[in-house]
Amino acid sequence: MAEMKDVTGFRYSSLPSSSSPPAARNLGGWKAIRYILGNESFEKLASMSLIINMTVYLQNKYHMGGASNVYVTNIWSGSSNATSLLGAFLADTYLGRFRTLLFGTIFSLLGMVAMTLTAAVPQLTPPKCEGESHCLQPEKWQLGFLFTSLGFLSIGAGGIRPCNIAFGADQFDTRTAKGRANLESFFNWWYFFFTIALLVALTGVIYIQTDVSWVIGLLIPTACLCLSLSIFLIGRHTYICKKPQGSIFADMLKVITAAYRKRQLNIVPGSQHSFYDPPMNDSDLHLKLSPTDGFKLLDKAAVITDPSELDAQGRPKNTWRLCSLHQVEQLKCLVAILPVWVSGIACFIPMDQQNAFGILQAIQMNKSLGSHLTIPPGWMGLTSMIALSMWVFIYEFIFIRLAKKLTGRDKRLTVAQKITIGIVLSILCMLVAAIVEKQRRDSALKHGSFASPITVGLLLPQFILSGLVEAFAAVSIMEFYTTQMPESMRTVAGAVFFLSLSIASYVGSLIINIIHHVTGKNGKSPWLGGHDLNKNRLDYYYYIIAGLGAVNFVYFSFFASRYAVELEKSSNCHSRKLHGDETGDEEKELELHGRLIVTAMEEKQSQKSN
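Residues numbered from 1 in each chain as written. Predicted model: local features only at pLDDT ≥ 70, side-chain atom pairs only at ≥ 80, totals over all residues. Heavy atoms only, no water.

1. Side note on the overall build of the chain
For the chain, the count of helices and strands is 18 helices and 6 strands. Within the chain, the proportion of its 610 residues that are buried is 51%. For the chain, the proportion of contacts with a sequence separation of at least 24, taken over those separated by at least 6, is 80%. Counting only carbon and sulfur atoms, one obtains 63% of the accessible surface of the chain, whose full area is about 27,200 Å². (Helix = DSSP H or I, 4+ residues; strand = E, 2+ residues; numbered from the N terminus. Buried < 20%, exposed > 50% of the residue type's maximum accessible area, 1.4 Å probe, protein only. Contact = heavy atoms within 4.5 Å. Areas by Shrake-Rupley, 256 points an atom, 1.4 Å probe, with all protein chains shown as cover.)

2. Details of the packing of helix α1 (residues 29-51) against helix α7 (residues 214-234)
Orientation of α1 relative to α7, taken along the N-to-C sense of each, is 160 degrees, at an axis distance of 8 Å. The pairing of α1 with α7 is recorded here as roughly antiparallel in orientation. Of the two elements, α1 crosses α7, and the hand of that crossing is left-handed. Across the interface between the two elements, Tyr35, Gly38, Asn39, Phe42, Glu43, Leu45, Ala46, Ser49 and Leu50 of α1 pack against Leu218, Pro221, Cys224, Leu225, Leu227, Ser228, Leu229, Ile231, Phe232 and Ile234 of α7. Residues belonging to the contact of α1 with α7 are distributed by class as follows: 14 nonpolar, 4 polar and 1 charged. (Axes fitted to C-alpha atoms, helices over the stretch in contact; angles between N-to-C directions. Parallel < 35°, antiparallel > 145°, perpendicular 65-115°, else oblique. Left-handed = near helix turned anticlockwise from the far one by under 90°. Nonpolar A, V, L, I, M, F, W, Y, C, P; charged D, E, K, R; others polar.)

3. Regarding the packing of aromatic side chains
The final tally for this structure, using the stated rule, is 21 aromatic pairs. Summarising the aromatic geometry, the rings of Trp30 and Phe172 are spaced 5.4 Å apart at their centres and angled 65 degrees between planes, so their arrangement reads as edge-to-face. Separated by 142 residues along the polypeptide, Trp30 in helix α1 and Phe172 in the loop between α5 (164-169) and α6 (177-212) bring together distant segments of the chain. Residue classification places Phe172 among the buried positions, given a relative accessible area of 7%. With a centroid separation of 6.3 Å and 65 degrees between ring planes, the pair formed by Tyr57 and Tyr62 is classed as edge-to-face. Taking the relative accessible area as the measure of exposure, Tyr57 reaches 1% and is therefore buried. One aromatic cluster in this structure is built from Phe98, Phe167, Phe232 and Tyr239. The ring of Tyr260 is capped by Arg263, whose NZ or CZ atom sits 4.1 Å from the centre of that ring. In this structure, Arg537 packs its charged tip against the face of Tyr540, placed 4.2 Å from the ring centre. (Phe/Tyr/Trp six-rings, centres within 6.5 Å; stacked < 30°, edge-to-face > 60°. Lys NZ or Arg CZ within 6 Å of the ring centre and 35° of its normal.)

4. A short note on the nonpolar core
Core analysis: the biggest nonpolar cluster contains 141 residues, and Tyr239, Phe357, Tyr481 and Tyr541 have the highest contact counts within it. Apart from the residues within four sequence positions on either side, Phe357 is in contact with Gly66, Val70, Ile512, Leu528, Leu538, Tyr541 and Tyr542. (Core = buried A, V, L, I, M, F, W, Y, C linked by side-chain atoms within 4.5 Å.)

5. Focus on the environment of Gly217
Along the polypeptide, Gly217 turns up in helix α7. Along the chain, Gly217 and Tyr207 lie 10 residues apart, while their C-alpha atoms are 8.2 Å from each other. When near neighbours in sequence (up to four residues on either side) are disregarded, Gly217 contacts Val205, Ile208 and Gln209.

6. Here's the deal with helix α4 (residues 140-160)
Along its 21 residues, α4 runs 30 Å from first to last C-alpha, staying within 8% of the 30 Å computed at 1.5 Å per residue. Those residues of α4 that are buried lie in contact with α1, α2 (54-62), α3 (66-120) and α5. (Expected span 1.5 Å × (residues − 1).)

7. Points about the pattern of salt bridges
Scanning the model with the defined rule gives 13 salt bridges in all. Linking Glu40 and Lys44 is a salt bridge whose minimum nitrogen-to-oxygen distance equals 2.5 Å. Here Glu40 pairs with Lys44, and both are found in helix α1, just 4 residues apart, close to one helical turn. Residues Glu40 and Lys44 agree in their burial class; the two are buried. Here Lys242 makes a salt bridge to Asp170, at a shortest N to O gap of 3.7 Å. Here the residue Lys242 occupies a position in the loop between α7 and α8 (248-261), and Asp170 occupies one in the loop between α5 and α6, the gap between them amounting to 72 residues. Relative accessible area serves as the criterion here: at 24%, Lys242 is assigned to the partly exposed category. Looking at Asp170, the relative accessible area reads 8%, which means it is buried. Here the salt bridges do not stand alone but share partners, grouping Lys296, Asp299, Glu329 and Lys332 into one network. (Salt bridge = Lys/Arg side-chain N within 4 Å of Asp/Glu carboxyl O.)

8. Examining a nonpolar patch on the surface
On the surface, Ile386, Met390, Phe393, Ile394, Phe397 and Ile398 cluster together into a nonpolar patch covering about 580 Å² of accessible area. By the secondary structure assignment, Phe393 is in helix α12 (residues 380-407). The exposure class of Phe393 is partly exposed, given its relative accessible area of 47%. (Patch = residues over 30% accessible without salt bridge, like charges linked within 9 Å, V, L, I, M, F, W, Y side chains within 5 Å.)

In structure tokens form, the structure reads like this:
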């Protein structure tokens, strides 16, 4: 089997992904996976150690109050998700997954080194506060250095996030039963090592950062990234590095451009139009999508208006003017999920509040749980993850079995039902958070103290509800994208999910900015802003977010849910159903459903960890 090297010396398969098994060339397989898992474990440990405690770091070292703190955190989170789209495009079109991961890790390391310098060099941060509320704000050049560090981290996340799991999957030949079994084992081991890294980050590293030293607490993840990069490079001679095959995002842009150029063309039902519909290779035939009747405007991109649009081999001379029906149908599949996608963005806004404002609340509360346990604010995020995990266990091992015992058949909640429950829980989460914040603020003002004497345990209900929102809504939305996209568009499903997270972060920042300026007019004290939450009205802000959740509930219940139900019943975007591969066996469908839930959870945890 042919193997090629480029000018950098890295190996690339000379055949597409359907080529011979990797073992034939002594590449890939578990020999490569051990390096990939080592790289992933230390990278996750490094990234999670910073992400989880970023809100605390910005307040302690840069004296950023509620509004500015959350604003910076949201912009950084949104940018990291947005750059993942660019990373996916570059990996698929130009660089390949190996190089994209390599460059992403290097940029992450540069960003982590810069963040460590902000903790180690006093001149890079403003002086310490005099008391709890008299704090100097950072200079512009200090903020510039901070934002540059976060920018490097966002670029690194954009390279790592869309490629980490996919590069591991490239090491197996999934055409064979052994390859598929090994791939499933890889996912299990990936999730296992991710969980270990997450627990270490949430306990040991965050404790060191909060209670020992920020310098040491940031040196540890920096060293982990160095080790991650070293392991990745040591294993470079064992990897299967597939050549870029082109990006489906470029194909979609071509369809939009071609349809716009032919916008004056009228496609009348029953008229004789010639469409460009070339045959596909036998190995890819099962991926082909059949023409559908919806969104006829996009069909114009595939209409051959003049024979001169084709060359002598029958291929388009200009792919930005003539596209295939298969490319058109791929874009239709994406357009069909947009109503649910919009609802997902609105759902992620309340879900993200606890990662920022919830931690700020914990900072200004009694951090004792009982008489012997004092917890860092960053540990509150454990509550959400535990709640998510417990619900998945209850759902899979209790709810489904009990439903089968009562009804005599396997019965699961539909995606629409789970998203609806998630939206309701998001509203309830904000209402509970508002009530708790008012109680916390009133208590702190009554005692004249910066931190309320109320125990941080009072925040547990809102963090639990936030975890349940993620379990019902976020995971279900990812599952919906995955199941409604054809096999050839699985990466698009992940990219669409990351894009919705990015937009939710940006919209959340915009809302904060608007509230800050509107409520601060005429010399009034704004609801959000400053170092001290006791001077803000965070509870009012929570009520506004709850109101947005109520609007989203109405929108989804009376509009978007119909699309979710119709798409679940339809097979328009399922190439395997269109080509007669569906067995109709209920047990296989349930097995597939269960695996998709696990995949959705892995994708969700992956995006959180970068």
